[in-house]
Every structure is written in structure tokens, then in C-alpha cells.
Amino acid sequence: ELKVEQNPLFLSMQEGKNYTIYCNYSTTSDRLYWYRQDPGKSLESLFVLLSNGAVKQEGRLMASLDTKARLSTLHITAAVHDLSATYFCAVDKKTSYDKVIFGPGTSLSVIP
Amino acid sequence: AAGVIQSPRHLIKEKRETATLKCYPIPRHDTVYWYQQGPGQDPQFLISFYEKMQSDKGSIPDRFSAQQFSDYHSELNMSSLELGDSALYFCASSLGGQGAYEQYFGPGTRLTVT
């Protein structure tokens, strides 16, 4: 059974600092997603990573994927308050009509 | 670009009532997925449909049922509502038969059971 873990689950950081959120998954997967969710809001797709070594960057966020280690990272550079949200990683299989399995989420709070 | 549409966006029901949530997938998408997200929880898969047939089933209570119609929209029917059914319900769609499979999520329906 495919399981997804994230750490840390809660992260409080000061503005201007860097930090990394880690996502591990238990079995082979074809696609890894990172989503952002503000309280009570929908899931905003940040990145979709498809292959080993994939790296994508958008603003202060950069995501990478190591399929051999079954690990993805979401790196935050020079955090700003607007990045405060819950970040979910999720995985699914490309070759079937398979469900997306979500991690527990990392609640990020950026303190001015 | 057109996105997944869900209606209603907010719904308040009393215990033991029924509720119907609707999902309209992205045009040409043939696969629909339903997820339930409780307060402070990650989204949990409920059920999915491909070409109007159920393709996968997750932790969906027997009180819930769903179907996909000929125009590919889907409805989630919830009966004998309980307080614990209060959650955000997401629908996602994908182009299942063409090898893409990436799921696109709708804005969600917030159901409150009182």
C-alpha cells in the first residue's frame, strides 16, 4: 500500500530564513505533486515532478525528486509571510486510474 | 482555461438529512475522483469513475453513493448525514484514457452538518 510521509508536520520560521520540507513515499510512484492550501481553501497545485532528478522552481519555492530514494524536497528560500500555508505532497500512478495519495501536510508559519 | 466546477460551494444540512454534491470536470476529461478532507486532515480518496463506470473505491461510507453521467459530470449523494461528515469535499478530473492521468482539483464544497 502506498504511503506518504512528510516532515516536519509543523514549521515555524522567521522571514528571510531558508528551510526544507521532506516527503517520503513507500512504493514506486510515477508522479509527485506539491500542493499549497490556505485555511478553508482549495488545493493549489505548485509542482508536478515526473522523473528522477526533476527540479522545478517558482519564486521562493523549489521542488526536487529522487525516485531511487523515494524522496522529494520542497525548499523555501528567504521565506516571506505570504508563504504561510499548509503544504501537501502527494503521489499517484501514471499507468492506471489511480487515486492520489496525500501526505499529512506541513503547516508552515512564517513569522515577520 | 476551464477548470473543474463544483456546486454548491457551501452547504449546511442537519443530521439525518441528505445532500447531493455535483462536479463538472474539465471539458474532455473522462475520469472523476472524489476526496473528503476533514478539519486539519489531508484529503482522503472516496471513489472514482472512468467512462461512467466506477474505477476505484476508497474509504467511502455505505451511506454515500456516487455516479458519473453521460456528460461526464458526477454527483456524490450523501444520506443519513452525521456530524462527522462535516468536511471539505473535493472533486478532481483527469483525461484517463489518454495516458495523461494528472488530476486537476476543483474548489471544493464545504459541507457543514449541524
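Refer to the structure printed above.
Here goes a summary of the coordinates provided. (Residues numbered from 1 in each chain as written. Chains lettered and ligands numbered in written order. Predicted model: local features only at pLDDT ≥ 70, side-chain atom pairs only at ≥ 80, totals over all residues. Heavy atoms only, no water.)

Bringing the environment of Ser29(A) into the picture now. Its location among the elements puts Ser29(A) in the loop between β3 (19-25) and β4 (31-37). In this structure, the C-alpha to C-alpha distance between Ser29(A) and Ala54(A), residues 25 residues apart in sequence, is 14 Å. (Helix = DSSP H or I, 4+ residues; strand = E, 2+ residues; numbered from the N terminus.)

What follows concerns the sheet that holds strand β7 (residues 64-68) of chain B. Residues and elements named next belong to chain B. Here four strands make up an open sheet; going across it, the order is β1-β3-β8-β7 and the pairing antiparallel. At either end of the open sheet lies a strand with only one pairing partner, and these are β1 (5-7) and β7. Taken over all neighbouring pairs, the strand axes of this sheet differ in orientation by 15 degrees on average, direction set aside. (Pairing = 2+ DSSP bridges. Axes fitted to C-alpha atoms, helices over the stretch in contact; angles between N-to-C directions.)

Core analysis: the largest hydrophobic core is formed by 25 residues, its most contacted members being Leu32(A), Trp34(A), Leu74(A), Ile76(A), Tyr87(A) and Leu108(A). Only β2 (10-14), β3, β4, β5 (43-49), β7 (61-66), β8 (71-76), β9 (85-92) and β11 (106-111) of chain A provide two or more residues apiece to this core. Examining the composition of this core, we find that four residues originate from one element, β9(A), more than from any other. Contacts of Leu74(A), omitting those with residues within four sequence positions, involve Tyr19(A), Thr20(A), Ile21(A), Trp34(A), Phe47(A), Leu61(A), Met62(A), Ala63(A) and Tyr87(A). Within the second largest apolar cluster, 22 residues are counted, among which are Val32(B), Trp34(B), Leu81(B) and Cys91(B). (Core = buried A, V, L, I, M, F, W, Y, C linked by side-chain atoms within 4.5 Å. Buried < 20%, exposed > 50% of the residue type's maximum accessible area, 1.4 Å probe, protein only. Contact = heavy atoms within 4.5 Å.)

As a further point, take the state of the cysteines. Within this structure, the stated rule accounts for two disulfides over all chains. The side chain of Cys23(A) participates in a disulfide bridge whose partner is Cys89(A); the two sulfur atoms lie 2.0 Å from each other. Every disulfide takes its handedness from the sign of the S-S torsion; for Cys23(A) and Cys89(A) that torsion is 80 degrees, giving right-handed. Here Cys23(A), found in strand β3, pairs with Cys89(A), found in strand β9; they are 66 residues apart in sequence, far enough to count as distant. The two residues Cys23(A) and Cys89(A) agree in class, both being buried. Each sulfur in the disulfide pair Cys23(B) and Cys91(B) lies 1.7 Å from the other. Where Cys23(B) bonds to Cys91(B) through sulfur, the torsion about that S-S bond is close to -50 degrees, and the disulfide is left-handed. Of this pair, Cys23(B) sits in strand β3 (residues 19-24) while Cys91(B) sits in strand β9 (residues 87-94), and the two are 68 residues apart along the sequence. (Disulfide = S-S within 2.5 Å.)

Attention shifts here to empty space enclosed by the protein. Residue and element names in this part refer to chain A. Summed over the entire model, instances satisfying the criterion amount to one cavity of 30 Å³ or more. Around the largest cavity, the lining residues are Tyr-25, Ser-29, Asp-30, Arg-31, Leu-32, Leu-50, Leu-65, Thr-67 and Val-91. Looking at the lining of the largest cavity, its residues break down into five nonpolar, two polar and two charged. (1 Å grid on protein atoms, 1.4 Å probe; cavity = no way out; pocket = protein on both sides within 12 Å on 5 of 7 lines; lining within 4 Å. Points joined across faces, edges and corners; volume = space filled by probe spheres on them. Nonpolar A, V, L, I, M, F, W, Y, C, P; charged D, E, K, R; others polar.)

What follows covers the pattern of salt bridges. Residues and elements named next belong to chain B. For the coordinates displayed, the defined rule picks out five salt bridges over all chains. Here Glu-75 makes a salt bridge to Lys-22, at a shortest N to O gap of 4.0 Å. Highlighted residues: Glu-75 in strand β8 (residues 74-78) and Lys-22 in strand β3, separated in sequence by 53 residues. On the basis of relative accessible area, Glu-75 is assigned to the buried category, the value being 14%. One salt bridge in this structure joins Arg-63 and Asp-85, with 2.9 Å as the shortest N-O distance. Separated by 22 residues along the polypeptide, Arg-63 in the loop between β6 (53-57) and β7 and Asp-85 in the loop between β8 and β9 bring together distant segments of the chain. On the basis of relative accessibility, which here comes to 4%, the residue Asp-85 falls in the buried class. Linked through salt bridges whose partners overlap, the residues forming this network are Arg-63, Glu-82 and Asp-85. (Salt bridge = Lys/Arg side-chain N within 4 Å of Asp/Glu carboxyl O.)

A word on the environment of Asp30(B). Residues and elements named next belong to chain B. Along the chain, Asp-30 falls in the loop between β3 and β4 (31-37). Residues Asp-30 and Glu-75, spaced 45 residues apart in sequence, show a C-alpha to C-alpha distance of 14 Å. Among the polar contacts listed, one links the side chain of Asp-30 to the side chain of Thr-31, at a separation of 3.0 Å. (Polar contact = N/O pair within 3.5 Å; in protein donor to acceptor, adjacent residues only side chain to side chain.)

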